[in-house]
Amino acid sequence: MKRKTMQKKNTVKWLIARVRKRIPALTLLTLCKIAASCFSVVFALATQKVIDNAAAGNHGSFYQACVRMFLIIVAEVACDTYALHLQERLSADLDRDFKQDLMHKILRSDYSVISRYHSGDLLYRLNGDVSNVVASLLAIAASAISLVSGLIAAIIAMSGMDAVFTGAIFAVCLIIAAVTLLIQRYMKEIYKKVSSASGRI
């Protein structure tokens, strides 16, 4: 257990050291995704206002609500578009950084040590594993945080409407999160076995 904990700490330190110069872009990407998630919740509330004003026949308030909803849509689309641009650019930058670092270490390593590994295994690690690390890093740092922030914003918005229903939805979300975590651990073990077999082939 202690060995696994140390390995995780060392892995986190290694990742932080490699992505330190990309932290500003990663932070901006996370903020854009959080803003997009919050705008989606605000859009749902704005839609309710439009429907309520339309049903009540308040023409002035209806048009104002429509304008607000249109501005929210524009803001959400802008955040999503810029976040997609940042994510693709950051993914390419991180992929290049990791590969350059690994290739530099391979070229500077002792040949008697490197020759113990199959060239196919090294190439697979250099390409497949790096892509998976970058994708996982972006998913955790940006997508997961934005998902959680959007969920929190939705719960806050819904709690003012129906607290019981909001509590039930929150409980279901916790169950889904727990099941997802279990599946993720299972898939991680499968991926390790597949990657090892692919490298040997």
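The coordinates are above.
Description of the structure in this document. Just so we're clear, the structure is a prediction, and the values are computed from it rather than from any experiment.

So, the overall build of the chain
Check the secondary structure of the chain and you find 6 helices and 0 strands. Listed N to C, the secondary structure of the chain is α-α-α-α-α-α in terms of helices and strands. Here the chain holds 201 residues, and 22% of them are scored as buried. The contacts of the chain with a sequence gap of at least 6 include a subset with a gap of at least 24, amounting to 82%.

A look at a nonpolar patch on the surface
A cluster of nonpolar residues, V67, F70, L71 and V74, forms a patch on the protein surface that exposes about 390 Å² of accessible area. By the element assignment, V67 lies in helix α3 (residues 59–108).

Concerning the pattern of salt bridges
Scanning all chains against the criterion turns up 5 salt bridges. For K21, the salt bridge is made with D97, and the minimal N-O distance between the two is 3.9 Å. Separated by 76 residues along the polypeptide, K21 in the loop between α1 (2–19) and α2 (23–56) and D97 in helix α3 bring together distant segments of the chain. Of the charged contacts, one joins D93 and R96 as a salt bridge, the two residues approaching to 3.2 Å between their closest N and O atoms.

Some words on the packing of α2 against α3
Where α2 meets α3, the closest approach of the two axes is 8 Å, and the angle between their N-to-C directions is 160 degrees. Relative to α3, α2 is oriented roughly antiparallel. Note on packing geometry: the crossing formed by α2 with α3 is left-handed. Grouping the constituent residues of the contact of α2 with α3 by class yields 25 nonpolar, 5 polar and 4 charged.

Focus: α2
The terminal C-alpha atoms of α2 lie 49 Å apart, and with 34 residues this matches the ideal 50 Å at 1.5 Å per residue to within 8%. Within α2 the residues assigned to the buried category are L26, L29, T30, C32, K33, A36, S37, V41, A46, V50 and N53. G57 lies just past α2 and shows a positive phi near 80 degrees.

How each quantity is defined
- Residues numbered from 1 in each chain as written.
- Predicted model: local features only at pLDDT ≥ 70, side-chain atom pairs only at ≥ 80, totals over all residues.
- Heavy atoms only, no water.
- Helix = DSSP H or I, 4+ residues; strand = E, 2+ residues; numbered from the N terminus.
- Buried < 20%, exposed > 50% of the residue type's maximum accessible area, 1.4 Å probe, protein only.
- Contact = heavy atoms within 4.5 Å.
- Patch = residues over 30% accessible without salt bridge, like charges linked within 9 Å, V, L, I, M, F, W, Y side chains within 5 Å.
- Areas by Shrake-Rupley, 256 points an atom, 1.4 Å probe, with all protein chains shown as cover.
- Salt bridge = Lys/Arg side-chain N within 4 Å of Asp/Glu carboxyl O.
- Axes fitted to C-alpha atoms, helices over the stretch in contact; angles between N-to-C directions.
- Parallel < 35°, antiparallel > 145°, perpendicular 65-115°, else oblique.
- Left-handed = near helix turned anticlockwise from the far one by under 90°.
- Nonpolar A, V, L, I, M, F, W, Y, C, P; charged D, E, K, R; others polar.
- Expected span 1.5 Å × (residues − 1).

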